[in-house]
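# Fold and contact review
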Amino acid sequence: MTGIAVTPLETRRDVVVHVARRAEELGYASMHVAEGWGLDAGALLAEIAVRTERIRLATGVLNVWGRSPATVAMLATTLDDISGGRFTLGLGSGSPQLAEGLHDTPFDAPVRRLEHTTRQVRRLLAGERLVPAGEHGGRPLRLATDPRPDVPIHLAGLGPAAVELAGEVADGWCPFLLPVSGLPEYSRRLEKGAARAGRPRPDVVLCPPVAVAPTRDQARELASWWVSFYLTRMGPLYRRTLERAGYADAVAEVVNAAAEHGPTVPASAEVLLDELVVWGEPDAARARLDRWRAAGAEQLALVLPPQRPVEELDAMLEAMRPEPAA
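Residues numbered from 1 in each chain as written. Predicted model: local features only at pLDDT ≥ 70, side-chain atom pairs only at ≥ 80, totals over all residues. Heavy atoms only, no water.

Turning to the packing of helix α5 (residues 110-125) against helix α6 (residues 160-169), a few remarks are in order. Their axes nearest at 10 Å, the elements α5 and α6 cross at an angle of 15°. Compared by their axis directions, α5 and α6 come out roughly parallel. Considering the relative orientation of α5 and α6, their crossing is right-handed. The segment α5 lies against α6, with V111, L114, E115, T118, R119 and R122 engaging A161, A162, L165, E168 and V169. Looking at the contact of α5 with α6, its residues break down into six nonpolar, one polar and four charged. (Axes fitted to C-alpha atoms, helices over the stretch in contact; angles between N-to-C directions. Helix = DSSP H or I, 4+ residues; strand = E, 2+ residues; numbered from the N terminus. Parallel < 35°, antiparallel > 145°, perpendicular 65-115°, else oblique. Left-handed = near helix turned anticlockwise from the far one by under 90°. Contact = heavy atoms within 4.5 Å. Nonpolar A, V, L, I, M, F, W, Y, C, P; charged D, E, K, R; others polar.)

Okay, here's the thing in structure tokens:
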């Protein structure tokens, strides 16, 4: 299955709603809305839910610092109700800058925080009472709504502990900017976590950024922006992931090039474009999807570039539209 996603950098509400409706018309399976420091993903997905009929809706993803487990569970049950059972809850541990710089919360033990939130949300969605995290004397409550234990929970994460946690507690694992050649190793970590919990491995829902354009040069420029921006402006996580995967030299070249020339990927580091981005002219970009599927992606959520003209986004949606079911 193939879905569409938008990043927190896409802050045009009308454009996000337009993309969701157009994606539904073109046969995409899902629409994923990330939350960072701009639009509230829950409010935006509520608007999308009432303006669509078939497409699945997901937070892709919410960080676990900006809401308590209870408010996450209330958001999930409300969106699942509004959408008629089409909602998937995506959670992630975010970044130090997001936790501390926006939510004024120390970025302490992020994987433990992600696990705690996920388990508490599961209890609440199942109609159970919250398990208190400390001694405060309050009587644990349950949600005053009908239980919704079937709401899928997907976890993002690139670090080894986070990937194993996804295997242990999640219905799906939805990484962003993952080197495609490393997917088999990550899948083994998922399986390790699942085996520890005695449960099946969750679905692999890869979220590669897309850079589709009429010419190869235009597509390469956009693909270079994706890689350079996330390696130089979005914290250390993506750099560390690629360095662990054996791309330390290429990462250093991108960082150095950005300091001198702005967001660009030199030819000597082009391997990062092929590892991280679905890019090229329409036919070439569609062909690249086969590599992600062959590596083990059971679902794809193609991430659209932010703040591009609507006509350009429509062209990408058309170029990457799913094949009609046989």
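Right, let's talk about empty space enclosed by the protein for a bit. Summed over the entire model, instances satisfying the criterion amount to two cavities of 30 Å³ or more. Space inside the largest cavity adds up to approximately 50 Å³. In terms of lining, the largest cavity is formed by V6, T7, P8, E10, V33, A34, E35, G36, G38, L39 and L44. A breakdown of the residues in the lining of the largest cavity according to their chemical character gives six nonpolar, three polar and two charged. The wall of the second largest cavity is formed by V6, T7, E10, V19, L304, P305, P306 and L313. Of the residues belonging to the lining of the second largest cavity, the class tally is six nonpolar, one polar and one charged. (1 Å grid on protein atoms, 1.4 Å probe; cavity = no way out; pocket = protein on both sides within 12 Å on 5 of 7 lines; lining within 4 Å. Points joined across faces, edges and corners; volume = space filled by probe spheres on them.)

Summed over the entire model, instances satisfying the criterion amount to ten aromatic pairs. On the numbers, 5.0 Å between centres and 20° between planes, the contact of W225 with F229 is stacked. With a gap of four residues between them, W225 and F229 both fall in helix α8 (residues 216-232), about one helical turn apart. On the basis of relative accessible area, F229 is assigned to the buried category, the value being 13%. With a centroid separation of 5.6 Å and an interplanar angle of 85°, the aromatic rings of Y230 and Y238 are classed as edge-to-face. There is no split in this pair, since Y230 and Y238 are both buried. Each member of the aromatic cluster is reached from another via a ring pair, and the members are F176, W225, W226, F229, Y230 and Y238. (Phe/Tyr/Trp six-rings, centres within 6.5 Å; stacked < 30°, edge-to-face > 60°. Buried < 20%, exposed > 50% of the residue type's maximum accessible area, 1.4 Å probe, protein only.)

Where α8 meets helix α9 (residues 237-244), the axes come as close as 6 Å, and the angle between the chain directions of the two elements is 105°. Viewed along their axes, α8 and α9 adopt a mutual orientation that is roughly perpendicular. Contact residues: α8 offers Y230, L231 and T232, while α9 offers Y238, R239 and L242. Classifying every residue of the contact of α8 with α9 by side-chain character gives four nonpolar, one polar and one charged.

So, about the environment of E260. Here E260 lies in helix α10 (residues 248-261). The exposed category is assigned to E260, whose relative accessible area is 63%. Counting along the chain gives 145 residues from E260 to E115, while the straight-line C-alpha distance between them is 40 Å.

Here R86 shows up in the loop between α3 (69-82) and β5 (87-92). Side-chain polar atoms of R86 contact the backbone oxygen of S83, separated by 2.8 Å. Apart from residues no more than four positions distant in its own chain, R86 is found in contact with E24, A49, T52, E53, R54, I55, R56, L57 and D80. (Polar contact = N/O pair within 3.5 Å; in protein donor to acceptor, adjacent residues only side chain to side chain.)

It is worth spelling out the pairing of strand β3 (residues 56-59) at this point. Examined bridge by bridge, strand β2 (residues 30-33) and β3 share four bridges and lie parallel to one another. Bridge pairing links V33 to T59 in β3. Handedness of the crossover joining β2 and β3 through helix α2 (residues 41-50): right-handed. Bridging between β3 and β5 involves two bridges; their strand directions are parallel. Bridge pairing in β5 places A58 opposite T88. (Pairing = 2+ DSSP bridges. Right-handed = clockwise from strand over helix to strand, strands pointing away.)

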